[in-house]
Amino acid sequence: MRRRFAQYRQTGAYRDGQAVLGFVVIALLFALPILNQNRMVLGVDAFFHLHRFYDAAMQLKTGQFNYFVSLFGFNQSGRIVNAVYGPWFAYLNGLLLLLAGSWVRWQFWSNFIIAFGGLLAGYLALRWAHVRRLYSVAGSMIMVGSLPGLSWFANQAFMSVGAMFIALAVGIGIRMLQQPNRPINPWQMGAVMALGIQVHMLSTLFMLLVLVWFALPAVFRAKRPVFMVLNGLLAAGLALLLSVNVWMPFLHVNMGNRLLRPFIELRGDIPADTLGFTWDGSHNLSLIAMTFIVIAVAVLVLRNQCQPRLDFTTQWTLLGGVLLVVAGSQLLPWRMIMKDADNWLSTFQFALRFGIPGLILIVFGLLLWLQQQPIAASSGMQVATLATGVLAMGMLFTPMTDKMATQSDLKTVVGLTAYTRPKLTVKQLVADERRTDLSRLMLDGTQNYPDYLPISKKTATSLTGKDWYTKNGLDQAYLRDIVLNRLPKMKRTVVDGQLHLTWQAKRATTVTLPVVKYAETTLSLNGQMLDNVKLSRIGAPVVKQQAGRNTLILGYQTPSWLPTTQYVAAISWGLLAFGAVVAQLRRFYKEKE
């Protein structure tokens, strides 16, 4: 037995297991302040995602399902959010919320899972790129800890969740250049792209950008370029099959409505949110990230003096990273670029987001360069690199714990874009974070983001900076028409996957209802179907109420193909997982023989 264990300790699987165990410990340490302080970190995007996950949790708990409209979250307004923003991931978080039993315990476990997932994804991606194990451990920590100002842990910004899949895409891209005989593994590439689509579609655009960057030279270096292109097409088909439950409903909603895209920096009186510098990275690039960028530029400039000579793969990786960092900086005229709401670049919303894949590419490139140097094998360099990873995680840890422990001002705690109920105190907010009644925190606050609300053609074609976060902005219209719109004796219930809204009226008059109508939303008022109903700027129906009791029933005409998309995606993932297990078992027994 000892002999077998001694032999196992010499295998790569044992050393990979050590890395995974280390990531578990790091992720636990990273999440522990939530339990230690017994309070949540509520960042700038917190309530938006909390309402998403609460809606999914209550649908699972009550069995009242509607894949498209929000029946419980977002003030029970019938908004479409989860259907166009990672529906399966929302339901998984809803299940985690139910199992955790309170919001504070949910954040502990979600932070642990995301930290562990980010570390593991970074490690796997670096190993795919043939980076040594210890450097892969350090690199994964640096990537998780140094992303510019878009952290899930401090701000609940979803780009940092999608960043783990961007790292996987970089690993796949580098292997295209390293393996000219078989540049693309279609099963691997298709699965990674599908995961990105399932969790965060915007991150998938960056993943695609990264893959195209590496595919351009790889197709010319490939031994069989036609075979590479065919494998790429197979990977694309597999990704679409595995994510059919996301993109088909996404297209369905977008083709039938003009959805208001998330906030774009169109105003000329504010600076574009480009990459900047704060020493700890609490809002932008950390000291470590800036140091890496400077080193990457120096390596590229002095590439001809490098000994050994810098290989093409490392050069191409560093060049892509530097270009993306430049793209996210003030070196480009972003205020002019973002002036037009129809500009395709405005899809990325903030210029600094280009720094996320840029920094990931730079980390990969520098580690590839470092391990080619004679000093890479020295214990001093290995310890220094690992210490840099620990420092990066510590720098991300600091703003999170500071925000949790020391702040007492409500607006500072929940962010300036969150609406909270009148007279709410931080003490009451923290108490509701700990309650088993999950609805209490949802009543405390909401995010006044008007994202994905249906707007008219006139509004869509005339968007300016004044349509966001100004006195007459769409966010204020959302607050007025939905959040603050309390009808007399109003009551909301959910029956058979439909939202029932009842209220009392003293007289028959025109009233704006606190719900949202999309093209496929069905409305029945006092037993009569409403077909051509007038809508407010953000899609709230304006109707004529009757004196006395009024009842509105809001439903959604779910497409007949929706169940098929769920079955196809689930079965496809099941078959892919089964095939991966079989392949691993074959490899294991082959190595054993």
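Residues numbered from 1 in each chain as written. Predicted model: local features only at pLDDT ≥ 70, side-chain atom pairs only at ≥ 80, totals over all residues. Heavy atoms only, no water.

Asks: So what exactly am I meant to see when it comes to the overall build of the protein here?
Replies: When helices and strands are tallied, the protein shows 23 helices and 10 strands. Split into buried and exposed, the 593 residues of the protein put 56% on the buried side. A sequence separation of at least 24 residues applies to 76% of the contacts in the protein between residues at least 6 apart. In the form shown here, the protein has an accessible surface area of approximately 26,900 Å², with 62% of it arising from carbon and sulfur atoms. (Helix = DSSP H or I, 4+ residues; strand = E, 2+ residues; numbered from the N terminus. Buried < 20%, exposed > 50% of the residue type's maximum accessible area, 1.4 Å probe, protein only. Contact = heavy atoms within 4.5 Å. Areas by Shrake-Rupley, 256 points an atom, 1.4 Å probe, with all protein chains shown as cover.)

Asks: I keep staring at the sheet that holds strand E6 (residues 521–525) and nothing clicks. Help me out?
Replies: Where strands meet in a sheet, backbone hydrogen bonds hold them as pairs that are either parallel or antiparallel. What the five strands build is an open sheet, ordered E3-E4-E10-E6-E7; its pairing is antiparallel. Of all the strands in the sheet, just strand E3 (491–495) and strand E7 (528–530) have a single pairing partner and so form its edges. In this sheet, adjacent strand axes meet at a mean angle of 25° when their direction is disregarded. In terms of strand pairing, E6 meets E7 through three bridges, oriented antiparallel. If you follow Leu523 over to E7, its bridge partner there is Leu530. (Pairing = 2+ DSSP bridges. Axes fitted to C-alpha atoms, helices over the stretch in contact; angles between N-to-C directions.)

Asks: Sorry if this is basic, but what is going on with the sheet that holds strand E8 (residues 534–535) here?
Replies: Pairing is antiparallel in the open sheet, where three strands are placed in the order E5-E9-E8. Lying at the two open borders of the sheet, with one neighbouring strand each, are strand E5 (509–512) and E8. As judged from the two bridges shared by E8 and strand E9 (residues 541–545), these two strands associate in the antiparallel manner. Across the sheet, residue Lys534 finds its bridge partner in E9, namely Val542.

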